[in-house]
Amino acid sequence: MTPHRIVTAPDLAPPSGYAHAVVATPGHTVHLGGQTALDHTGTITGSTIEAQFDQAAANIVSALTAAGTTPAHLVSVLIYVTDVPTYKAALPALTPLWRKHFGRHYPAIALLGVTALFDPEALIELVATAVIPTPT
């Protein structure tokens, strides 16, 4: 699934939908800029957290592809949202959207509540790091 080693710390609560830690294999690090629900015209699409997550996740995959890698090489994702309770309430709908774009790979993830994002219409922004493994 991923060439990186997913670590579950035995003295922490079992992770669900994220990893406690990821040990990246040697390779090239790809730092992805924050992706919101901007479409190819530069317009925020969707008015719900689910619709905006779907577009932002698609944008992450597009950036990964352009960098020559795939979601399997993600080692961390930061999720910024303007409304944490809305995000938490939407988790049942967000899980299949995560799997649509990233499969069942869950890197180290953090959710951060913020007062605003750059685009006032944006509800969510994803920032990710991937490591493309060095060929052996």
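How each quantity is defined
- Residues numbered from 1 in each chain as written.
- Predicted model: local features only at pLDDT ≥ 70, side-chain atom pairs only at ≥ 80, totals over all residues.
- Heavy atoms only, no water.
- Core = buried A, V, L, I, M, F, W, Y, C linked by side-chain atoms within 4.5 Å.
- Buried < 20%, exposed > 50% of the residue type's maximum accessible area, 1.4 Å probe, protein only.
- Helix = DSSP H or I, 4+ residues; strand = E, 2+ residues; numbered from the N terminus.
- Contact = heavy atoms within 4.5 Å.
- Salt bridge = Lys/Arg side-chain N within 4 Å of Asp/Glu carboxyl O.
- Pairing = 2+ DSSP bridges.
- Axes fitted to C-alpha atoms, helices over the stretch in contact; angles between N-to-C directions.

Chemist: Just checking my understanding: could you explain the nonpolar core for this structure?
Modeler: One recurring pattern in soluble globular proteins is that nonpolar side chains are buried together. In this structure, Phe53, Leu74, Ile124 and Leu126 are the most contacted members of the largest nonpolar core, which totals 23 residues. Elements with a minimum of two residues in this core: β3 (27-35), α1 (49-66), β4 (74-81), α3 (91-102) and β6 (124-133). Excluding its chain neighbours within four sequence positions, the residues that come into contact with Ile124 are Gln35, Thr36, Ile49, Gln52, Phe53, Ile79, Tyr80, Val81, Tyr87 and Leu117.

Chemist: Honestly, the pattern of salt bridges in this entry has me stumped. Any pointers?
Modeler: Charged atoms that come close allow side chains of opposite charge to pair. Per the stated rule, a full pass over the model turns up 1 salt bridge. In this structure, Lys100 engages Asp54 in a salt bridge whose closest nitrogen and oxygen atoms are separated by 3.0 Å. Residue Lys100 is found in helix α3, and its partner Asp54 is found in helix α1; the two are separated by 46 residues along the sequence.

Chemist: Whenever I open this one, the sheet that holds β6 confuses me. Can you help?
Modeler: Hydrogen bonds between backbone groups are what pair the strands of a sheet, and the pairing can be parallel or antiparallel. An order of β3-β6-β4-β5 is seen for the 4 strands of this open sheet, with the pairing classed as mixed. Each having just a single partner strand, β3 and β5 (108-113) make up the two edges of the open sheet. Going across the sheet, the axis of each strand differs from the next one's by a mean of 10 degrees, ignoring polarity. Pairing geometry for β4 and β5, over 6 bridges, is parallel. Residue Ser76 lies in a different strand from β5, and its bridge partner there is Ala108. Sheet contacts for α1: β3, β4 and β6; angle to β6, the most-contacted strand, approximately 25 degrees.

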